[in-house]
Amino acid sequence: MAEGRRSSSTPRARGAALPRGAAASQGAALPRRAALAALAAVALAACGRRAPAAQGGARVVSLSPSTTEAVFAIGAGAALVGRSRHCDHPPEVLRLPSVGGYADPSIEAIIALSPTLVVGARGPAGPALEEALRGHGIATCFPETESLAQIEEMLAELGRRLDATPGAERAIARIRARRQEVEQAVKGRPRVRVALLFDTSPIFAAGPGSFADELIRLAGGENAIVRGGAYPSISVEHLLALDPDVLLDGTAGGDGAEQPGAQGSPRLAVLRDAPGWRSLRAVREGRVRPLRTDAVLRPGPRIGDGLAEVARALHGDALSLSDAAAAPGDGGAGLVPPSPAGAP
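Along every chain, residues carry numbers that run from 1 in the direction the sequence is written. For a predicted model such as this one, the threshold for reporting local features is a pLDDT of at least 70, and the threshold for listing and counting side-chain atom pairs is 80 or more; totals across whole chains, interfaces and linings nevertheless cover every residue. Hydrogens and water molecules were not included; the side-chain quantities draw on all heavy atoms of the structure.

Let's shift gears to the pairing of strand 9 (residues 246-249). Side chains of strand 9 alternate between two faces, with Val246 and Leu248 and Leu247 and Asp249 buried alike. Any two strands with at least two DSSP-identified bridges between them are counted as paired. Numbering of helices and strands runs from the N terminus; a helix is a DSSP stretch of H or I covering at least four residues, while a strand is a stretch of E covering at least two. Here strand 5 (residues 192-200) runs beside strand 9; their pairing, made up of 4 bridges, is parallel. Bridging across to strand 9, Val194 finds its partner in Val246. Alignment of strand 9 against strand 10 (residues 288-290), held across 3 bridges, turns out to be parallel. Buried, partly exposed and exposed residues are distinguished by accessible area as a fraction of the type maximum, computed with a 1.4 Å probe on protein chains only: under 20%, between the cut-offs, and over 50%, respectively.

Following this line, the structure appears as structure tokens:
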């Protein structure tokens, strides 16, 4: 959840903040091809009119960390000309001009970069932002990414739009390979009842219908949060009543996945002796597990590594998993010095 507030009621931990509605399982009722075809139709509906397909003519502004990473992951980084102030991965993106935040992008700054396509997670700016951009003749793409299947379709759609389909296919293959590795590693292990917290003031957690909820399940966990929407706000008393075996601490990022740079100190470590918190069984018994990578919080191309991190947090570092997969920039992301603002 962590790319920022996807709506006024979404915690700062998301984005794209991830993406809403019940999480789509890749093995659901429809056959895989039919399911992906349906997702493609949804993505096209969310993605405005088309930008020029050839990467050489495309100028892309990305408004969320996950879509910025996705453009690099498919090998189209050279098309990026602008980013949100929260986009920090891969490091090359910091050379690009910022057009504001996830929730408060500057239309004027975006237009000044003469983009052919603006991409981002669906968030608080909502339809008004897309309408304003399209009014200036700028194509948009703000797809849902609240499940692994939707994240894969987002990568595929960007590949189609930016003439980078082979790179998109490789990025999707990395996610699927990581998922298969994790599912094999946790097979037969007891399921761990867990709550994943994104913030503490107030408490925001991963709920049903979020991509983080799907990560918990695939990693061999059982989400203790079963109602209240994808990113519910709950009280300490409610958390005490739920009594999870493990608390996953996703609070280190400050403003969730929208924050730039290194992660800060996990907030739950500071609260371990606070009233209410110290009564939680997971706190008393030392089962508060900090998430050591923001890949868990961003519904983008590193989500497979985020899944592996959740699995290790639930079952221990001894879990038989390889190191992180190839970086999103693999395959010729090739960021070049951007043209001056407003240049054709």
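From this point, the discussion proceeds with the structure in view.
Okay, the pairing of strand 2 (residues 80-83) next. Summarising the sheet, strand 1 (residues 60-62) and strand 2 pair through 3 bridges and their orientation is parallel. Opposite Ser62, over in strand 2, you have Arg83 as the bridge partner. Between the parallel pair strand 1 and strand 2, the chain is carried across by helix 2 (residues 65-73), and the sense of this crossover is right-handed. A clockwise course of the path from the first strand over the helix to the second, judged with the strands pointing away from the viewer, identifies a crossover as right-handed.

With that out of the way, let us pick up unusual backbone geometry. Note that the residue after His89, namely Pro90, is joined by a cis bond; omega there is -5°. Locating Pro90 in the fold gives a position in the loop between strand 2 and helix 3 (107-112). Cis geometry marks the peptide bond from Ser201 to Pro202; its omega dihedral reads 0°. Structurally, the position occupied by Pro202 is in the loop between strand 5 and strand 6 (203-205). Positive phi, close to 55°, is recorded for Asp163, a residue that is not glycine. Within the secondary structure, Asp163 sits in the loop between helix 5 (148-161) and helix 6 (165-186). Positive phi values are uncommon outside glycine, yet Asp243 reaches one of about 50°.

Positionally, Ile74 belongs in the loop between helix 2 and strand 2. Classification of Ile74 as buried rests on a relative accessible area of 3%. The criterion used for residue contact is that any of the two residues' heavy atoms lie within 4.5 Å. Excluding its chain neighbours within four sequence positions, the residues that come into contact with Ile74 are Leu155, Leu158, Gly159, Leu162, Ala164, Gly167 and Ala168.

Turning our attention to the pattern of salt bridges. The salt bridge definition used is simple: a Lys or Arg side-chain nitrogen within 4 Å of an Asp or Glu carboxyl oxygen. Counting across every chain of the model gives 19 salt bridges. Salt-bridge contacts for Arg298 lead to Glu69; the nearest nitrogen and oxygen are separated by 2.8 Å. Note that Arg298 is positioned in the loop between strand 10 and helix 11 (303-315) and Glu69 in helix 2, a separation of 229 residues in sequence. Accessibility expressed as a relative area gives 2% for Arg298, which makes it buried.

A few words now on the sheet that holds strand 4 (residues 139-141). Within a sheet, neighbouring strands are paired by backbone hydrogen bonds and run either parallel or antiparallel to one another. If you walk across this open sheet you meet the 4 strands as 2-1-3-4, and the pairing is parallel. Edge positions in the open sheet fall to strand 2 and strand 4, since each of these has one partner strand only. Each strand of the sheet is rotated relative to its neighbour by a mean of 20°, with strand direction disregarded. A fitted line through C-alpha atoms represents every axis, and for helices the fit uses only the stretch in contact; the resulting angles, taken between N-to-C directions, go from 0 to 180 degrees.

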